[in-house]
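Summary of structural features
The residues making up each chain are set out below.
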Amino acid sequence: MRRFFQAGRAGEERSTRGAQMTDAAGAGRFAPSPTSDLHVGNLRTALVAWLLARHTGRRFLVRVEDLDAARVAAAPDVEARQLADLAAIGLGWDGEIVRQSERLDRYAAAIARLETYECFCTRREIAEAASAPHEDGYRPYPGTCRALTEAERAERRRTRPPALRVNAHGAWMSVHDRWAGTVSGPVDDFVVRRNDGAYAYNLAVVVDDVAQGVDQVVRGDDLLSSSPRQGWLTERLGGRVPEYAHVPLVVNAEGRRLAKRDGAVSLADLAARGRPAGAVLATLGHSLGLCEPGEHVTPETLLDRFDPDALPRGPWVYGG
Ligand SMILES: [Zn+2]
């Protein structure tokens, strides 16, 4: 994936700190999926999203990305615990919580504005037809079904429901990341509606960001390679491409992405071991170079010290 990237100059600071926030101001957001409890890495990303939004005079929105109905149903009460965890470390948000499951009509309307085509390929067929996967495992779609005739599509619909893909016409897109610089990559004909009828993540986040006026996207850097695709779709849907700010992932002592099996990683786990939310906030602040471990801090204290250009760029090794 990195081979598609070109180094770029960091963007101009657009600080409006201290200015009155209005609805005309842009917005940042944190958008968790309510399928498992937030771990310290998710909370750290939420903290950075809050800090950067506030530092640049933006509203801070929280959106629940609950489109995967089966996984959400299998994890009841997770959304409430996630929101309680954000509040416990002192992160407040502006306006109402938005849930993707309540916005399906918007996704359908967006798809109606795009040039799409039906795709009948299985995962295996794409793996066999595609070029090598990117470093993050993503396989660009080779366009197999783009030129099917109506008769061929009718024939295939009898055996397999189609996914819908957007026709990107071989586009190439560059977006700006506050820390990674210019991120460029090809835009393949990615899925906008899966063959089980669910709207795809890449579609829903863009529709929502445009509708909510989100112009600053802070999230884990595992999503860095999807940003040219999403930036391109933003333009297709009449929005302005947001500034991206991808935060390095949190890894365990072995250098692997932090996961539940790594032990005490959620606020509930840590509280059970005698570490209240305030102590966890100090740990997160320390990992960002904003306070000492164990220091009594609030998000506002950290905001006073926050300098986006001084943020540590490497992965955070979390040792519990
Ligand atoms: Zn196909």
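Residues numbered from 1 in each chain as written. Predicted model: local features only at pLDDT ≥ 70, side-chain atom pairs only at ≥ 80, totals over all residues. Heavy atoms only, no water.

1. Quick look at the coordination of the zinc ion
Test applied: Note on donors: an N, O or S atom is included if it sits within 2.8 Å of the metal, or within 3.2 Å for Na, K and Ca, and water is never included, so sites can look incomplete. Here the metal geometry follows the donor angles, with tetrahedral for four donors whose angles all fall between 85 and 135 degrees, square planar for four and octahedral for six when opposite donors are more than 155 degrees apart and every other angle is between 65 and 115, and irregular for all the rest. Where helices and strands are cited, they refer to DSSP runs of H or I of at least four residues and of E of at least two residues respectively, numbered from the N terminus. When a residue's accessible area, from a 1.4 Å probe over protein chains only, is under 20% of the maximum for its type it is buried; when over 50% it is exposed; and in between it is partly exposed.
The zinc ion binds to the protein through Cys119 (SG), Cys121 (SG), Tyr141 (OH) and Cys145 (SG), with metal-donor distances spanning 1.9 to 2.3 Å. Metal-centred angles of 103 to 120° between the four donor atoms at the zinc ion mark the site as tetrahedral. Mapping the donors of the zinc ion onto the primary sequence yields the spacing C-x1-C-x19-Y-x3-C. Remark: cysteine 145 occurs in the loop between α5 (123–129) and α6 (150–157) and cysteine 121 occurs in the loop between β4 (116–119) and α5; sequence separation between them is 24 residues. We classify cysteine 145 as buried; its relative accessible area is 2%.

2. Examining the packing of aromatic side chains
This is how the line gets drawn: Note on ring pairs: Phe, Tyr and Trp rings are taken, using the six-membered ring of Trp, and paired if centres are within 6.5 Å. Classes follow the plane angle, with under 30 degrees stacked, over 60 edge-to-face and the rest tilted. A ring is considered to have a charge above it if a Lys NZ or an Arg CZ atom is located within 6 Å of its centre and within 35 degrees of its normal.
With the rule as written, the count across this model stands at three aromatic pairs. Aromatic side chains phenylalanine 190 and tryptophan 232 sit 6.2 Å apart centroid to centroid with 80° between the ring planes, which places their arrangement in the edge-to-face category. With phenylalanine 190 in the loop between β7 (181–186) and β8 (191–193) and tryptophan 232 in helix α8 (residues 227–236), this pair connects stretches of sequence that are 42 residues apart. When the centroid spacing of 5.3 Å and the interplanar angle of 65° are considered together, the rings of tryptophan 316 and tyrosine 318 count as edge-to-face. A relative accessible area of 12% means that tryptophan 316 is categorised as buried. One cation-aromatic arrangement involves arginine 165 over tyrosine 141; the distance from NZ or CZ to the ring centre is 3.5 Å.

3. Thoughts on the packing of helix α4 (residues 104–112) against helix α7 (residues 201–212)
In a packed pair of helices, the relevant descriptors are the angle between the two axes and the axis-to-axis distance. Rules: Between the N-to-C directions of two axes lies an angle of 0 to 180 degrees, each axis being a line fitted to C-alpha atoms and, for a helix, fitted only over the stretch in contact. By the definition adopted for this analysis, an angle is roughly parallel if under 35 degrees, roughly antiparallel if over 145, roughly perpendicular if from 65 to 115, and oblique otherwise. Whether two residues are in contact is decided by their heavy atoms, any of which lying within 4.5 Å being enough. In the scheme used here, Gly and all other residues not listed as nonpolar or charged are polar, with Ala, Val, Leu, Ile, Met, Phe, Trp, Tyr, Cys and Pro taken as nonpolar and Asp, Glu, Lys and Arg as charged.
Contact geometry for α4 and α7: axes closest at 10 Å, N-to-C directions at 100°. Relative to α7, α4 is oriented roughly perpendicular. Every residue of α7 that contacts α4 at Arg106, Tyr107, Ala110 and Ile111 is listed here: Leu203, Ala204, Val207, Asp208 and Ala211. For the contact of α4 with α7, a count of residues per class yields seven nonpolar, no polar and two charged.

4. Side note on the domain arrangement of the chain
Put simply, the rule is: Where each domain begins and ends follows an automated or database-derived domain assignment.
Each assigned domain of the chain is listed here: domain 1 (2–7 + 25–102 + 248–317) and domain 2 (109–193). When each unit is reduced to the centre of its C-alpha atoms, the spacing between domain 1 and domain 2 is 31 Å.

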